[in-house]
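Listed here are the chains, written in short residue letters.
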Amino acid sequence: MKFEMQILNIFVLLYEETLFVGIIKNRPQRLITQCCCELRIDGKVHQVIEFSGERMIQKYPDSEENLCTIATIKGFHVQLTSEQAQTGMWKLVCIS
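Rules of the game
Residues numbered from 1 in each chain as written. Predicted model: local features only at pLDDT ≥ 70, side-chain atom pairs only at ≥ 80, totals over all residues. Heavy atoms only, no water. Helix = DSSP H or I, 4+ residues; strand = E, 2+ residues; numbered from the N terminus. Buried < 20%, exposed > 50% of the residue type's maximum accessible area, 1.4 Å probe, protein only. Areas by Shrake-Rupley, 256 points an atom, 1.4 Å probe, with all protein chains shown as cover. Salt bridge = Lys/Arg side-chain N within 4 Å of Asp/Glu carboxyl O. Disulfide = S-S within 2.5 Å. Contact = heavy atoms within 4.5 Å. Polar contact = N/O pair within 3.5 Å; in protein donor to acceptor, adjacent residues only side chain to side chain. Phe/Tyr/Trp six-rings, centres within 6.5 Å; stacked < 30°, edge-to-face > 60°. Patch = residues over 30% accessible without salt bridge, like charges linked within 9 Å, V, L, I, M, F, W, Y side chains within 5 Å.

Scanning the protein for helices and strands turns up 1 helix and 6 strands. Helices and strands in the protein line up, N terminus first, as β-β-β-β-β-α-β. Each of the 96 residues in the protein was classed as buried or not, and the buried ones make up 41%. Surface exposure of the protein reaches about 5600 Å², of which carbon and sulfur atoms provide 53%.

This paragraph deals with the pattern of salt bridges. On inspection of all chains with the given rule, the structure shows 2 salt bridges. With a closest N to O distance of 2.7 Å, Glu17 and Arg55 form a salt bridge. One end of the pair, Glu17, is in the loop between strand S1 (4-12) and strand S2 (18-25); the other, Arg55, is in strand S4 (residues 44-59), and 38 residues separate them in sequence. A residue is classified by how much of its surface remains accessible, and Arg55, at 41% relative accessible area, is partly exposed.

We now examine the state of the cysteines. According to the stated counting rule, one finds 0 disulfides in the structure shown. Note on Cys36: no disulfide assigned, nearest cysteine sulfur contributed by Cys35 at a separation of 7.0 Å. According to the relative accessible area criterion, Cys36 is partly exposed, its value standing at 24%.

Let us now look at the environment of Gln86. Within the secondary structure layout, Gln86 lies in the loop between helix H1 (82-85) and strand S6 (90-94). Between the C-alpha atoms of Gln86 and Asn9, which are 77 residues apart in sequence, the distance is 5.3 Å. With sequence-adjacent residues up to four places away left out, Gln86 is seen in contact with Leu8 and Asn9. A distance of 3.4 Å separates a polar atom in the side chain of Gln86 from a polar atom in the side chain of Asn9. Within the local environment of Gln86, its side chain forms a polar contact with the side chain of Ser82, the two groups lying 2.9 Å apart.

The next thing to look at is the packing of aromatic side chains. Counted by the stated rule, this structure contains 1 aromatic pair. The interplanar angle of 80 degrees and the centroid separation of 5.3 Å between the aromatic rings of Phe20 and Phe51 together place this pair among those described as edge-to-face. Placement of the pair is Phe20 in strand S2 and Phe51 in strand S4, with a sequence separation of 31 residues.

Looking now at a nonpolar patch on the surface. A contiguous nonpolar surface patch, about 230 Å² in accessible area, is contributed by Val45, Val48 and Ile95. Within the secondary structure layout, Val45 lies in strand S4.

Let us look at the side chain of Gln47. Along the polypeptide, Gln47 turns up in strand S4. On the basis of relative accessibility, which here comes to 10%, the residue Gln47 falls in the buried class. At 2.8 Å, the side chain of Gln47 and the backbone oxygen of His77 are in polar contact. Beyond its immediate stretch of four places on either side in the chain, Gln47 contacts Cys37, Glu38, Leu39, Phe76, His77, Val78 and Gln79.

As structure tokens, this is what we get:
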């Protein structure tokens, strides 16, 4: 299950999960399950993040791309702010 996500935003939840919201390229035919992804900017790996899986699926308005939300495992510290995420320069690339 390999995919790439163009990150649109992130949200840190009270119960210690971080939600990544973005547009998926190479979308798997099924829900995204537990996996590891590289957080990248300008093609360089910033951090490797472990995810528990997808939280919801819907179509992004006026687009054929899929808007997706995936959550980190509980207690995983993400080295990215919401402001950084909103620049459109960050990607997640599934590695497992």
